[in-house]
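So the chains spell out like this:
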Amino acid sequence: MAGAAALRRAARRAFRTLSNSSAPSRTIVLPERLLSSQASPEHRPRPSVSGSELGQYPPERIRNFSIIAHVDHGKSTLADRLLELTGTIQKGHGQPQYLDKLQVERERGITVKAQTATMFYKHAVETSESHVADTPSYLLNLIDTPGHVDFSYEVSRSLAACQGALLVVDAAQGVQAQTIANFYLAFESNLSIIPVINKIDQPTADPDNVKAQLKRLFDIDPSEALLTSAKTGQGLSQVLPAVIERIPCPPGSCDSPVRMLLLDSYYDEYKGVICHVAIVDGAMRKGDKISSAATGRTYEVFDVGIMHPELTPTGVLYTGQVGYVITGMRSTKEARIGDTLHQAKSVVEALPGFKPVRHMVFSGVYPADGSDFEALSHAIEKLTCNDASVSVSKETSTALGMGFRCGFLGLLHMDVFHQRLEQEYGAQVISTIPTVPYIFEYGDDSKVQIENPAALSLNTGKRITACWEPTVIATIIIPSEHRALLKYRLPLREIIVDFYNELKSITSGYATFDYEDSEYQKSDLVKMDILLNGQPVDAMATIIHNQKAQKVGRELVDKLKKFIERQMFEITIQAAIGSKVIARETLSAMRKNVLAKCYGGDITRKKKLLEKQKEGKKRMKRVGSVDIPQEAFHELLKVSSSK
Ligand SMILES: Nc1nc2c(ncn2[C@@H]2O[C@H](COP(=O)(O)OP(=O)(O)OP(=O)(O)O)[C@@H](O)[C@H]2O)c(=O)[nH]1
């Protein structure tokens, strides 16, 4: 039987080899510098903005708005056009979706992180008496948000800094699942919603049909819809006037002590923790002392400014403005998202903050090489500064050593987190089978939430009396000629793998899907262990429905047999529930006498062959008795969740 350490080393190396060989090559795209001597004056970005300039924008001349939509309906492209229109970035800056700054966003073509940009815009107003055009200047804060359901937490946080939202809908696809979800997020936050029917340049665009959908589903007056093409620029000139005329200015008292909402934070290697804030009352200046309502700690304001669209120091931020502040915070544990920062020593009422995040999917994250644990720990700490919606706690696996149990908002979020760990911090990781949080109740009425199946001990002497699993309310839109909108309650476990892909494939890519978390439901669940040569591989334990266990167990061992390489000795692969083995496969040994064909006494040739055999032994030692490629975990999950 292989020792735990050997098993651990084996698993790590096998994962690393596989992940290296299967990793697609990636191109690093770095944001271009904006300033260009070629830019025409109206398109040249402002190199700096002074505090006195900012002081010319009282709340009445400020509008804070988000762009929300279903995935790919054109939010980031529309944001580009608005940034160009206001001269915030140079026209044809050569980098589409400018606000999608992360490498992972550029590679996947999706927004995962909400981004704010401050724009200055002169608004022409016709006065009723003289018809003379007046052009007061406005300060507009635009927040581009992600469309994918996993990142709706980013959307709801962004909306807290806004009084209005542009609800972008693709003119050909019409209202989709996330259009509905995002509409309700904005509606429940009491925001003024401006419908923007985008992509009207497409041959299949049908804006009238989309207007009818907006009326039917959200009671939006068709005359309120703006028709645009973020691609050709058609209709874009109406967007910012509508923002100014239809979205209210931010509330707040200019004369009160400063009070602001901490919207987001991230870690910069050179500057430390950078907090994005929305100033609700008063003003914040460089050198001021501010306190956190959550921790009570006081900090000095080292730098303050706006995102224009890069960090632009202004020395001050006034009521209603959105910008950044750099203090002496050392980690984002100090910068709690949703916290109220306020003038030190003043007593202020804390702002409502945000709903706590609910983690839908948990998975173990381990260093591919055990000696990299400290480096991985550092990388995770820095990345969670940038993505505070991930929960992290240390855990130890017999198979994989020391690592972390991380909670994510969904599978895409998990994937993106792993990719960012690799790309931004050079960490090579092994992730275990994602699982959902189950609740188990014991005979003594105690309950335990299980985020790692291996942690469910059946030998506590306590009898499990009930189990619950999380469910979601899924919304599926099938744009067939009858345009069906389906709503189902589904176990969360059933949708975390492949559900979306399968839905897309059976509807030829037309169906869209969104879900919101719902309550826990009672379920008949069991823990299934996978044993290799009699030793349970904790990282492969799963919790599944009892009635599926037999079938899934058989398929799991079958799959593993295909993944595990033959060794110099026999390997048994078993699936077991408690002490009962429900499926078993045997991988026969591979035998070879390397010197069998070596006649005569050529010692160098013999040596070579023996060296080669040593290599083989090394691999055997390395493997212990098990070779588990990373993909095996995902394949195993597919088996266990799709039956
Ligand atoms: N034809 C046409 N294509 C557009 C228009 N606006 C955006 N697109 C294209 O639609 C695709 C998606 O655009 P994005 O701006 O990335 O969409 P998004 O809503 O920000 O996407 P997520 O951030 O992933 O939710 C890109 O290929 C754009 O070039 C438009 O008005 N007309």
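Above: the structure in question.
What counts and how
Residues numbered from 1 in each chain as written. Predicted model: local features only at pLDDT ≥ 70, side-chain atom pairs only at ≥ 80, totals over all residues. Heavy atoms only, no water. Helix = DSSP H or I, 4+ residues; strand = E, 2+ residues; numbered from the N terminus. Buried < 20%, exposed > 50% of the residue type's maximum accessible area, 1.4 Å probe, protein only. Contact = heavy atoms within 4.5 Å. Areas by Shrake-Rupley, 256 points an atom, 1.4 Å probe, with all protein chains shown as cover. Pairing = 2+ DSSP bridges. Axes fitted to C-alpha atoms, helices over the stretch in contact; angles between N-to-C directions. Parallel < 35°, antiparallel > 145°, perpendicular 65-115°, else oblique. Left-handed = near helix turned anticlockwise from the far one by under 90°. Nonpolar A, V, L, I, M, F, W, Y, C, P; charged D, E, K, R; others polar. Near = heavy atom within 4 Å. Polar contact = N/O pair within 3.5 Å; in protein donor to acceptor, adjacent residues only side chain to side chain. Salt bridge = Lys/Arg side-chain N within 4 Å of Asp/Glu carboxyl O. Core = buried A, V, L, I, M, F, W, Y, C linked by side-chain atoms within 4.5 Å.

Chemist: Could you give an account of the overall build of the protein chain, naming the residues involved and the relevant values?
Modeler: Each helix and strand counted, the protein chain has 15 helices and 32 strands in total. In the protein chain, which comprises 643 residues, the share counted as buried stands at 53%. Taking contacts inside the protein chain between residues at least 6 apart in sequence as the whole, the part at least 24 apart equals 70%. In the structure as shown, the protein chain presents an accessible area of about 28900 Å², 50% of it carried by carbon and sulfur atoms.

Chemist: An account of the pairing of strand S21 (residues 401-408) is needed here, citing residue identities and associated values.
Modeler: Regular strands show a simple pattern: their side chains alternate between the two faces of the sheet. Burial analysis of S21 places seven of its eight residues in the buried class, which makes it a mostly covered element. In terms of strand pairing, strand S19 (residues 361-367) meets S21 through five bridges, oriented antiparallel. Residue pairing for S21: valine 365 is matched across the bridge by phenylalanine 404. Here strand S20 (residues 391-397) runs beside S21; their pairing, made up of seven bridges, is antiparallel.

Chemist: Please provide a residue-by-residue account of helix H3 (residues 75-85), values included.
Modeler: For an α-helix, 3.6 residues make a turn, and residues three or four places apart therefore share a direction. Within H3, nine of the 11 residues are buried, leaving the element largely enclosed by the surrounding structure. Among the residues of H3, Lys75, Ser76, Leu78, Ala79, Asp80, Arg81, Leu82, Leu83 and Glu84 are the ones counted as buried. Considering only its buried residues, H3 is in contact with strand S1 (62-69), strand S2 (115-122), strand S5 (137-144), strand S6 (164-170), strand S7 (192-198) and helix H8 (239-246). One or two positions beyond H3, positive phi appears at glycine 87, with a value near 75°.

Chemist: Tell me what's going on with the environment of glycine 55, and back it up with residues and numbers.
Modeler: Structurally, glycine 55 can be placed in the loop between helix H2 (51-54) and S1. Overall, the relative accessible area of 41% leaves glycine 55 in the partly exposed class.

Chemist: Describe in detail the packing of helix H9 (residues 373-386) against helix H10 (residues 411-425), supporting the description with residues and values.
Modeler: With their axes 10 Å apart at the nearest point, H9 and H10 run at an angle of 110° to one another. When the axis of H9 is compared with that of H10, the two are roughly perpendicular. Helix-helix and strand crossings are classified by hand; for H9 and H10 the assignment is right-handed. In this structure, H9 contributes Leu376, Ala379, Ile380, Lys382, Leu383, Thr384 and Asn386 to the contact, and H10 contributes Phe417, Arg420, Leu421, Glu424 and Tyr425. Tallied by class, residues from the contact of H9 with H10 come to seven nonpolar, two polar and three charged.

Chemist: Tell me about the site of the ligand, residues and numbers included.
Modeler: Close to the ligand lie 20 residues, the nearest being Lys75, Thr77, Thr111, Asp201 and Ala230. A distance of 3.2 Å separates an oxygen atom of the ligand from a polar atom in the backbone of lysine 231. If the ligand stood free it would expose 660 Å²; the protein chains cover 81% of that surface. The biggest single contributor to the shell around the ligand is H3, with three residues. Looking at the shell around the ligand residue by residue, the class counts come to three nonpolar, 12 polar and five charged.

Chemist: Outline the pattern of salt bridges, listing residues and values.
Modeler: According to the stated counting rule, one finds 16 salt bridges in the structure shown. One salt bridge connects arginine 81 with glutamate 84, and the closest N-O pair in it is separated by 3.2 Å. In this pair, arginine 81 and glutamate 84 both sit in helix H3, three residues apart, roughly one turn of the helix. The same class applies to arginine 81 as to glutamate 84, namely buried. Residues arginine 297 and glutamate 334 are paired through a salt bridge, measuring 3.1 Å at the closest nitrogen-oxygen approach.

Chemist: Outline the nonpolar core, listing residues and values.
Modeler: Core analysis: the largest hydrophobic core is formed by 58 residues, its most contacted members being Leu214, Val277 and Met284. The dominant element in this core, judged by the number of residues it contributes, is strand S10 (residues 272-281), at five residues. Not counting residues up to four positions away in its chain, the partners in contact with methionine 284 are Val258, Met260, Val277, Ile279, Ile290, Val301, Val304, Gly315, Val316, Leu317 and Val325. Among the nonpolar cores identified, the runner-up in size contains 38 residues, and Phe373, Leu383, Phe404 and Tyr442 belong to it.

Chemist: Explain unusual backbone geometry to me, using residue names and the numbers behind them.
Modeler: The omega torsion across histidine 308 and proline 309 is -10°, close enough to zero to call that bond cis. Within the element layout of this structure, proline 309 appears in the loop between strand S14 (303-307) and strand S15 (311-313). The backbone phi angle of aspartate 445 is positive, close to 70°, even though this residue is not glycine. One can find aspartate 445 in the loop between strand S23 (438-442) and strand S24 (447-450). A relative accessible area of 59% means that aspartate 445 is categorised as exposed. Look at asparagine 533: it is not a glycine, yet its phi comes out positive at around 50°. Within the fold, asparagine 533 resides in the loop between strand S28 (525-532) and strand S29 (535-536). For asparagine 533, a relative accessible area of 18% gives the class buried.

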